[in-house]
Amino acid sequence: MNFKYFIFTLIATFAVASLSAQENKLSLSLEEAQEIALQHNKELENVRQDVNIAIEQYKQARGQGLPQIDGTVDYMTNFNYEAAFSFGGGAGDAPQIDYTLLDAGDLEILKLLQGSGEPSATSIKLTDQSNAQIQLSQLIFGGQYWVGLQTAKIAQDLARKNVVLTELDVKENVANTYQLILASEEIMQVLLDNIDNLKAIQQHTQNMYEAGLAEQTDVDQISISVSQLENQHKSMDRNIRLSYNMLRYQMGVNFDQQIELTSSMDQILDELIATNSLTQEFNLNNNVSFQLIETQLDLQEKMVDMEKWAYAPTLVGFYSYTKKIKTSGFDISPNNAAGLNLNIPIFSSGIRKANLSKAKIELDKVERSKDMVEEQLLLQNNQLRTDFTNAFENYQTQRDNVTVAKRVLESMQHKYRQGLISSLDLTQTNTSFLEAESNYLNAAIELMQAHLKLKKLYNQL
């Protein structure tokens, strides 16, 4: 009784797990798979973080021109050092002072130093000192600051365009893997149908051999063909599982997540043929790679401007307040101070000139790179359009070949059952049919890939 209960519980557990897995299965069209990848692809997430980094770098650059407030607290000991002041040892050495030029405060200090008014020596003990200071500074003029701010904005734009380019790569990779799985599953189905047909023929041949109407070699020939197809089926099944894992990785989902593809290869091919990419004109300005190189050119132009502004002076204003916590016996420093700091570049031993020359050389390189990218994209457009045309024509040819090969195979199978051809003729015809199917599916994959490359070039993925 306990054993039966255990078996029942085990079966129920597996049934619940199976239902749960089916409920969590992702049924995805090609567009839905691409959308999930745009949300969860880890490489794309890192590239998007580069945009956030560029935003923070802009804030950092902007903050350098905004008010800066710094506070300091210091403590200094003089080890009770006494500073001696002497106003002469005798009447002949006494300094001649015009008392009419002194105000009341000066007279008090003089009285402190001289005591009774006669020339004498005195000392001041320098006790420990401690100050707390707060200082406000503000950049008033700095050419490099404003150019640096513009450069930081361009860097943000560059990071965003890099995100768009990475999104195109992700969508293309997902589409390639998705379509490869569909084509592989088509091949799997062809192999299964072919195995079923050959097994039926194998049984028919075995019956003929037992009746003395066929030879053992005929049975062996068919059996070998069945075994080869079953091995191909197993290998294809393993490759499909690997492709599903690659799709999961590209989509950024867990490797144990079940996925069901709802788009069919026929649907994709029909849509591809209906929206023929060759009818569209190539607009260079819509291409993300060209937009990137243009942004890099703007960035390098700002770098040249920044090096030019290195020759200009920089003006900074400041205000500071010092709170004297402990002072020595002799302290005449003020609590409040304000001023201007003008930094004028005079001589740098050629450093500024070298930096400017280097920035101009880099600008020349980027301008030349822009011309190269433009030429490469135009050449790529012509090449991809040619590849698409060739792939489309090959697809049509291979599709027709499959129809002919299937008709020939059905005819040869009928003749074999009537004993008009040998098993070798049948297996050769069967191999030709499988070749035609494989060539057709490879042509379909090449056509879909050529279409994807054109759409990526046109920024229409």
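Treat the numbers as computed from the prediction; the structure is a model and nothing was measured.

What counts and how
Residues numbered from 1 in each chain as written. Predicted model: local features only at pLDDT ≥ 70, side-chain atom pairs only at ≥ 80, totals over all residues. Heavy atoms only, no water. Patch = residues over 30% accessible without salt bridge, like charges linked within 9 Å, V, L, I, M, F, W, Y side chains within 5 Å. Areas by Shrake-Rupley, 256 points an atom, 1.4 Å probe, with all protein chains shown as cover. Salt bridge = Lys/Arg side-chain N within 4 Å of Asp/Glu carboxyl O. Lys, Arg positive; Asp, Glu negative; His and termini not counted. Charge placed at Lys NZ, Arg CZ, Asp CG, Glu CD. Helix = DSSP H or I, 4+ residues; strand = E, 2+ residues; numbered from the N terminus. Expected span 1.5 Å × (residues − 1). pLDDT = per-residue confidence, 0-100. Contact = heavy atoms within 4.5 Å. Buried < 20%, exposed > 50% of the residue type's maximum accessible area, 1.4 Å probe, protein only. Arc of directions from axis to C-beta. Phe/Tyr/Trp six-rings, centres within 6.5 Å; stacked < 30°, edge-to-face > 60°. Lys NZ or Arg CZ within 6 Å of the ring centre and 35° of its normal. Pairing = 2+ DSSP bridges. Core = buried A, V, L, I, M, F, W, Y, C linked by side-chain atoms within 4.5 Å. Axes fitted to C-alpha atoms, helices over the stretch in contact; angles between N-to-C directions. Parallel < 35°, antiparallel > 145°, perpendicular 65-115°, else oblique. Left-handed = near helix turned anticlockwise from the far one by under 90°. Nonpolar A, V, L, I, M, F, W, Y, C, P; charged D, E, K, R; others polar.

## Section: a negative patch on the surface
Alright, step 1. Together, Asp298, Glu301, Glu367, Asp371 and Glu375 make up a region of like negative charge exposed at the surface.
Alright, step 2. Of all elements in the fold, only α8 (288-308) and α9 (351-417) reach the threshold of two or more residues within the negative patch.
Alright, step 3. It is α9 that contributes the most residues to the negative patch, three residues altogether.

## Quick word on helix α6 (residues 216-251)
Alright, step 1. In this model α6 runs 53 Å from its N-terminal to its C-terminal C-alpha over 36 residues, within 8% of the 52 Å that 1.5 Å per residue would give.
Alright, step 2. Of the residues trailing α6, Gly252 is marked for its positive phi of about 80°.

## Quick word on the confidence of the model for the protein chain
For residues with low pLDDT, the predicted coordinates do not support detailed interpretation.
Alright, step 1. Per-residue confidence for the protein chain gives a mean pLDDT of 85; residues scoring 70 or more make up 85%.
Alright, step 2. For residues 3-22, every residue scores under 50 in pLDDT, and the model assigns this stretch one contact once sequence neighbours within four places are set aside.
Alright, step 3. Every residue in residues 116-120 scores below 50 in pLDDT, and together they form nine contacts with partners more than four places removed in sequence or on other chains.

## Some points on helix α7 (residues 265-274)
Alright, step 1. When we look at burial in α7, the residues that qualify are Met265, Ile268, Leu269 and Leu272. Each buried residue of α7 sits inside an arc of 95° when the element is viewed along its axis, so together they form one side. What points out from α7, more than 90 degrees from its buried face, is the exposed set Asp270 and Ala274.
Alright, step 2. Contact partners of the buried residues in α7: α2 (30-40), α5 (143-210), α9 and α10 (423-457).

## Here's the deal with the packing of aromatic side chains
Alright, step 1. All chains considered together, the criterion is met by four aromatic pairs.
Alright, step 2. When the centroid spacing of 4.9 Å and the interplanar angle of 70° are considered together, the rings of Tyr145 and Trp146 count as edge-to-face.
Alright, step 3. Since its relative accessible area comes to 13%, Tyr145 is described here as buried.
Alright, step 4. Residue placement shows Arg352 over the ring face of Tyr311; its charged tip is 5.7 Å from the ring centre.

## A look at a nonpolar patch on the surface
Alright, step 1. Together, Ile69, Ile134, Leu136, Tyr319 and Tyr321 give the surface a local cluster of nonpolar side chains, amounting to about 460 Å² of exposed area.
Alright, step 2. Of all the secondary-structure elements, those providing two or more residues to the nonpolar patch are β5 (129-141) and β7 (314-326).
Alright, step 3. Positionally, Ile134 belongs in strand β5.

## Let's talk about the pairing of β5
Alright, step 1. Of the strand pairs in this sheet, strand β2 (residues 68-76) and β5 are connected by nine bridges, and their pairing is antiparallel. When the bridges of β5 are listed, Gly71 appears paired with Ile134.

## Some words on the pattern of salt bridges
Alright, step 1. Following the criterion strictly, the structure yields nine salt bridges and no others.
Alright, step 2. The salt bridge involving Lys370 is made with Glu294; its shortest N-O contact spans 3.9 Å. Of this pair, Lys370 sits in helix α9 while Glu294 sits in helix α8, and the two are 76 residues apart along the sequence.
Alright, step 3. Under the relative-accessibility criterion, Glu294 is labelled partly exposed at 28%.

## With respect to the nonpolar core
Alright, step 1. Among the nonpolar cores identified, the biggest contains 78 residues, and Met251, Leu261, Met265, Leu269 and Leu426 are the most heavily contacted of them.
Alright, step 2. The element contributing the most residues to this core is α5, with 18 residues.
Alright, step 3. When neighbours within four sequence positions are excluded, Met251 is seen to be in contact with Leu28, Ala33, Ile36, Ala37, His40, Asn41 and Ile259.

## Structural notes on the packing of α9 against α10
Alright, step 1. Contact geometry for α9 and α10: axes closest at 7 Å, N-to-C directions at 160°. In terms of their interaxial angle, α9 and α10 are classed as roughly antiparallel. Handedness of the crossing formed by α9 with α10: left-handed.
Alright, step 2. Here the residues of the contact of α9 with α10 sort into 22 nonpolar, eleven polar and eight charged.

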